[in-house]
Amino acid sequence: LHYPLRRQRQMCIRDSTDHKSDEAAELIDSFEDSYRGEFSTEAEFAEDLMTDIMQIPKELASYIDYGKFWNDLQMGGDYWSVKSPDGEFFIFSSY
């Protein structure tokens, strides 16, 4: 089939736009899957994560350094953060 040049351009633009729309949708899905929330500190997220995983006895809670736990999570490549303009932290998982 031979299409006029104008029609060929329209088809290319549509195909390109569809591809970009699919790519954008995949990026949005990936973002939503990895986003864990907004926290005032990274240590706050680490505490939230740990208390979701296990019940920590009150007697032991004061001995846990959530800042160091966050460092381990980040150094292990499991989580990362972005500081927002208002000083909060957006937390993301790498999986």
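Here's what I pulled together on the structure shown here. (Residues numbered from 1 in each chain as written. Predicted model: local features only at pLDDT ≥ 70, side-chain atom pairs only at ≥ 80, totals over all residues. Heavy atoms only, no water.)

What about the nonpolar core?
Generally speaking, a soluble globular protein has its nonpolar side chains buried in company with each other.
Okay, step 1: By size, the foremost hydrophobic cluster in this structure holds 12 residues: Phe39, Phe45, Ala46, Leu49, Met50, Ile56, Tyr66, Trp70, Leu73, Tyr79, Phe89 and Ile91.
Okay, step 2: Broken down by secondary-structure element, the contributors of at least two residues to this core are helix H2 (42–53), helix H4 (66–75) and strand E3 (89–93).
Okay, step 3: Excluding anything up to four places from it in sequence, Phe45 contacts Arg36, Phe39, Trp70, Leu73, Tyr79 and Ile91. (Core = buried A, V, L, I, M, F, W, Y, C linked by side-chain atoms within 4.5 Å. Buried < 20%, exposed > 50% of the residue type's maximum accessible area, 1.4 Å probe, protein only. Helix = DSSP H or I, 4+ residues; strand = E, 2+ residues; numbered from the N terminus. Contact = heavy atoms within 4.5 Å.)

Re a negative patch on the surface
Okay, step 1: Taken together, the side chains of Asp22, Glu23, Glu26, Asp29, Glu32 and Asp33 make up a negatively charged region of the molecular surface.
Okay, step 2: Relative to the helices and strands, Asp33 is located in helix H1 (residues 5–34). (Patch = residues over 30% accessible without salt bridge, like charges linked within 9 Å, V, L, I, M, F, W, Y side chains within 5 Å. Areas by Shrake-Rupley, 256 points an atom, 1.4 Å probe, with all protein chains shown as cover. Salt bridge = Lys/Arg side-chain N within 4 Å of Asp/Glu carboxyl O. Lys, Arg positive; Asp, Glu negative; His and termini not counted. Charge placed at Lys NZ, Arg CZ, Asp CG, Glu CD.)

Description of the environment of Ser81
Okay, step 1: Within the secondary structure, Ser81 is located in strand E2 (residues 79–83).
Okay, step 2: What makes Ser81 buried here is its relative accessible area of 19%.
Okay, step 3: In sequence terms Ser81 and Glu38 are 43 residues apart; their C-alpha atoms lie 9.4 Å from each other.
Okay, step 4: Apart from the residues within four sequence positions on either side, Ser81 is in contact with Glu42, Trp70, Gln74, Phe89, Phe90 and Ile91.

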